[in-house]
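Descriptive analysis of the structure
Listed below are the residues making up each chain.
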Amino acid sequence: MTKPTQHIATENSCRALNRRTLFKLGSGALLATVGQGLAPKAAKAATSSLSPDQVLDSLMAGNQRFVTHHEQHPHISMERISELAKGQHPIATILSCADSRVPAELLFDMGLGDLFNVRVAGNIVTPEILASIEYAVELLETPVLMVLGHERCGAVTAAVQQQKVPGHISDFIDEILPAVNQVKDQPGDPIDNAVRANVDRQIQVLLKQSDLVRNRQTNGQVKVLGARYDLDAGAVTLL
Ligand SMILES: [Zn+2]
């Protein structure tokens with residue numbers, strides 16, 4: 001894969017970022033992001049040097065290595081850890097399911113600091129999920145935003161089968177039901193149809209709700225796309 005160039009944030013640029021982030025996210029959000037070690041704005045130069053298509057090629061090449069068991073396991077050295085302590089420059093934002101079988105770094109043969117992972121059951125766009133996506137797309141300037149669904153997703157299955165579930169679990173089912181209803185009359189496997197429809201719908205939801213993402217997409221600064229992970233083969237297919 002193409003290795004992002006390390007870019008070290010200066011103290012001044014960090015201060016500039018903090019002012020901008022404070023303005024954009026509010027002081028509470030800023031404290032949260034600093035506490036979690038999210039990167040300063042100054043890191044953007046490294047990622048913006050890669051085009052969306054170059055990043056997408058890297059992701060798909062990594063998945064090909066994963067599928068064929070030729071992984072390189074990049075970016076997990078102590079040197080990499082030390083580099084990342086100064087800031088992060090992920091090349092893609094990936095909204096995927098919390099399912100334990102769908103860890104993006106492994107599927108795409110990437111390492112530390114490569115992917116900004118946003119994970120939630122059913123890869124749905126809630127307000128907090130959208131905030132995380134906007135952080136990565138707007139402030140870290142990741143050139144790719146992928147919504148990654150997967151085969152036999154339990155969340156989608158629960159929605160398709162209208163399962164009775166305890167506690168708060170029904171919350172994500174409610175978010176998936178519109179996609180289920182869109183494809184309920186289509187031929188084929190209803191769960192897999194719903195997985196694909198849910199990916200498409202979540203992209204539409206986030207583009208509708210996020211001026212930031214939509215503007216960057218219009219300007220060609222981010223490629224927004226959907227994909228499906230095949231549990232049997234390990235392959236990611238773009239939708
Ligand atoms: Zn799932």
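The structure contained in this document is the topic of the report that follows. (Residues numbered from 1 in each chain as written. Predicted model: local features only at pLDDT ≥ 70, side-chain atom pairs only at ≥ 80, totals over all residues. Heavy atoms only, no water.)

For strand 1 (residues 92-96), the tally of buried residues reaches 5 of 5 residues, placing the bulk of the element in the interior. The side-chain alternation of strand 1 yields two buried faces, one formed by Ala-92, Ile-94 and Ser-96 and the other by Thr-93 and Leu-95. Pairing of strand 1 with strand 2 (residues 115-119) involves 5 bridges; the strand directions are parallel. When the sheet's bridge partners are listed, Thr-93 is paired in strand 2 with Phe-116. Pairing geometry for strand 1 and strand 3 (residues 144-150), over 5 bridges, is parallel. Note that in strand 3 the partner of Ser-96 across the bridge is Leu-148. (Buried < 20%, exposed > 50% of the residue type's maximum accessible area, 1.4 Å probe, protein only. Helix = DSSP H or I, 4+ residues; strand = E, 2+ residues; numbered from the N terminus. Pairing = 2+ DSSP bridges.)

Our focus in this paragraph is the environment of Val-144. With respect to the helices and strands, Val-144 occurs in strand 3. Considering only alpha carbons, one finds Val-144 and Ile-91, 53 residues apart in sequence, at a separation of 7.0 Å.

Let us look at the coordination of the zinc ion. Only Cys-97 (SG), His-150 (NE2) and Cys-153 (SG) from the protein coordinate the zinc ion, and they sit 2.0 to 2.3 Å from it. We note that the donor set of the zinc ion lies within a single chain, spaced as C-x52-H-x2-C. For the pair His-150 and Cys-153, one class covers both residues: buried. (Donors = N, O, S within 2.8 Å, 3.2 Å for Na, K, Ca; no water.)

Attention shifts here to the sheet that holds strand 1. Taken together, 5 strands build an open sheet; the order of strands is 2-1-3-4-5 and the sheet is mixed. Edge positions in the sheet fall to strand 2 and strand 5 (236-238), since each has one partner strand and no second. Neighbour-to-neighbour, the strand axes of the sheet open up by a mean angle of 25 degrees, direction not taken into account. The pairing of strand 3 with strand 4 (residues 223-229) spans 7 bridges and is parallel. Looking at strand 4, one finds that Met-146 is bridged to Leu-225. (Axes fitted to C-alpha atoms, helices over the stretch in contact; angles between N-to-C directions.)

Tracing the sequence through the fold places Arg-80 in helix 5 (residues 78-84). Judged by its relative accessible area of 6%, Arg-80 is buried. Separated by 2.8 Å, the side chains of Arg-80 and Asp-114 make a polar contact. Setting aside its immediate chain neighbours within four residues, Arg-80 contacts His-75, Leu-112, Gly-113 and Asp-114. (Polar contact = N/O pair within 3.5 Å; in protein donor to acceptor, adjacent residues only side chain to side chain. Contact = heavy atoms within 4.5 Å.)

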